[in-house]
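Per-entry structural report
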Amino acid sequence: MKKVLVLVAATMMAVFVSAESKVEFAYEAGADVVSSYIWRGQYNGGLSFQPEGLVGFNALDEAIQFRAGVWANLGASDWQWKANKGDGRGYTMFMPEVDFMASVTAYGASAGFTEYYYCDNGSTHQSEVWVGYNFDHFFGVGAYINWYTMVAGDDFVYDDNAVAHRAWSSYLELGYDYTFEDKGITLGAQLGMSPWASDVYGNEKFALTNITLKINKEWEFDVVALDLYAQGTLNTDGLTTQTAFIGAAGEDKLYNQKLNAVLGLGIWF
């Protein structure tokens, strides 16, 4: 984690000291309300509020960008009232997710780090690094490819002797977005897969975990932008093992759903 943060900081400093660069402060802030929390084809909860805040810098007409910030998910299932069979009383359970992120983009190529933190009783966490490329920068095509790998935290596989080993859970995503500029409508498609056994994605071998189609309508005003979107997601593998997201979907245990749909509304400043 420290090496990743040092690399990100060094890249940002290189942008700062470049005499030819015009560095501009940048920020992104807003929130989505979604009917379901779907992550890489996996159902992680129902109705949810998802705020995000990022700050950073742009240089060379936004060809180089740095961003760091926080994203969170707070779902209706994060509050649970459970009856205690012993004395008849109940208790509440508060389990939001908070992710800390940093990334650098240069001429379409990106690299980043994400720390996933789950506020359950055990304070589950996972650390992930990723790299990607967006073909729009040089080729004017809205296609991209990203590779993600868990490098620390709760990400293990167990051998026949019940000994835990680092799983290096990974995820490859291919995507394409096409925007009708005059209508403010974007059509998107994603194809995601887990290449080997992973408790994070719930598969025991290679699995196609995410086939998503999405439509997004955006309205831009003076200081805010509104997004209304709908998507359908198919997980062809389903989840065959207990995932690391203990309790993320509350008591409804919908992890094994293969087909999910989401309606979302976002406001961004």
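The text that follows walks through the structure, step by step, so that each part is easy to find. If you're wondering where the values come from, they're calculated on a predicted model, not measured in any experiment. (Residues numbered from 1 in each chain as written. Predicted model: local features only at pLDDT ≥ 70, side-chain atom pairs only at ≥ 80, totals over all residues. Heavy atoms only, no water.)

Overview of the overall build of the protein chain
Of regular secondary structure, the protein chain possesses two helices and 18 strands. Scored against the burial criterion, the 269 residues of the protein chain give a buried share of 43%. Of all intrachain contacts in the protein chain linking residues separated by at least 6 positions in sequence, the fraction that spans at least 24 positions is 51%. For the protein chain, the computed accessible surface area is about 14,700 Å², with 63% contributed by carbon and sulfur atoms. (Helix = DSSP H or I, 4+ residues; strand = E, 2+ residues; numbered from the N terminus. Buried < 20%, exposed > 50% of the residue type's maximum accessible area, 1.4 Å probe, protein only. Contact = heavy atoms within 4.5 Å. Areas by Shrake-Rupley, 256 points an atom, 1.4 Å probe, with all protein chains shown as cover.)

A closer look at the pairing of strand E9 (residues 109–118)
Counted residue by residue, E9 has seven buried out of ten residues, so it is predominantly covered. Direction of pairing for strand E8 (residues 97–106) relative to E9: antiparallel, over a ladder of ten bridges. When the bridges of E9 are listed, Thr105 appears paired with Ser110. The hairpin formed by E8 and E9 contains two residues between the paired strands, and Tyr107 there has a positive phi angle of roughly 55 degrees. (Pairing = 2+ DSSP bridges.)

Examining the pairing of strand E17 (residues 225–234)
Side chains of E17 alternate between two faces, with Ala225, Asp227, Tyr229, Gln231 and Thr233 buried and Leu226, Leu228, Ala230, Gly232 and Leu234 left unburied. Here strand E16 (residues 207–220) folds back onto E17, and the loop between the two strands holds four residues.

Overview of the sheet that holds strand E14 (residues 170–180)
Strand order in the closed barrel made by the twelve strands is E1-E4-E5-E8-E9-E10-E11-E14-E15-E16-E17-E18, with antiparallel pairing throughout. If you compare each strand with its neighbour and ignore which way they point, the axes differ by 20 degrees on average. Here strand E10 (residues 125–134) runs beside strand E11 (residues 143–153); their pairing, made up of nine bridges, is antiparallel. In the sheet register, Val129 faces E11, and the bridge partner there is Thr149. (Axes fitted to C-alpha atoms, helices over the stretch in contact; angles between N-to-C directions.)

Side note on the nonpolar core
One finds Tyr37, Trp39, Trp71, Tyr116, Tyr118, Trp130, Tyr148, Met150, Tyr171, Val200 and Tyr201 forming the largest nonpolar core, which totals eleven residues. Within the second largest apolar cluster, five residues are counted, among which are Val34, Ile38, Tyr43 and Val262. (Core = buried A, V, L, I, M, F, W, Y, C linked by side-chain atoms within 4.5 Å.)

Observations regarding the packing of aromatic side chains
All chains considered together, the criterion is met by 13 aromatic pairs. With centroids separated by 6.0 Å and ring planes inclined at 35 degrees, the aromatic side chains of Trp130 and Tyr148 adopt a geometry described as tilted. A residue pair is termed long-range when its members are at least 10 positions apart, and Trp130 in strand E10 and Tyr148 in strand E11 qualify at 18 residues. Residue Tyr148 is classed as buried on the basis of its relative accessible area, which comes to 13%. Against the face of Tyr229 rests Lys214, its NZ or CZ located 4.3 Å from the ring centre. (Phe/Tyr/Trp six-rings, centres within 6.5 Å; stacked < 30°, edge-to-face > 60°. Lys NZ or Arg CZ within 6 Å of the ring centre and 35° of its normal.)

Digging into the pattern of salt bridges
Taken as a whole and judged by the stated rule, the model has three salt bridges. For Glu24, the salt bridge is made with Lys22, and the minimal N-O distance between the two is 3.8 Å. With relative accessibility at 37%, the residue Glu24 sits in the partly exposed group. We classify Lys22 as exposed; its relative accessible area is 61%. Here Glu28 and Arg67 are joined by a salt bridge, their closest N and O atoms 3.2 Å apart. Highlighted residues: Glu28 in strand E1 (residues 24–34) and Arg67 in strand E5 (residues 64–75), separated in sequence by 39 residues. For Glu28, a relative accessible area of 33% corresponds to the partly exposed category. Given the relative accessible area of 11%, Arg67 is considered buried. (Salt bridge = Lys/Arg side-chain N within 4 Å of Asp/Glu carboxyl O.)

Points about unusual backbone geometry
Even without glycine at this site, Leu60 takes up a positive phi of about 50 degrees. Relative to the assigned elements, Leu60 resides in the loop between strand E4 (48–59) and E5. A relative accessible area of 31% places Leu60 in the partly exposed class. Its identity is not glycine, yet Trp168 carries a phi of approximately 50 degrees, on the positive side. Within the secondary structure, Trp168 sits in the loop between strand E13 (164–166) and E14.

Digging into the environment of Asp32
Take Asp32: it is sitting in strand E1. In this structure Asp32 comes out as buried when scored by relative accessible area, which is 13%. Residues Asp32 and Gly266, spaced 234 residues apart in sequence, show a C-alpha to C-alpha distance of 4.1 Å. Ignoring any residue separated from it by four or fewer positions in sequence, one finds Asp32 in contact with Ser48, Phe49, Gln50, Tyr229, Leu265, Gly266 and Trp268.

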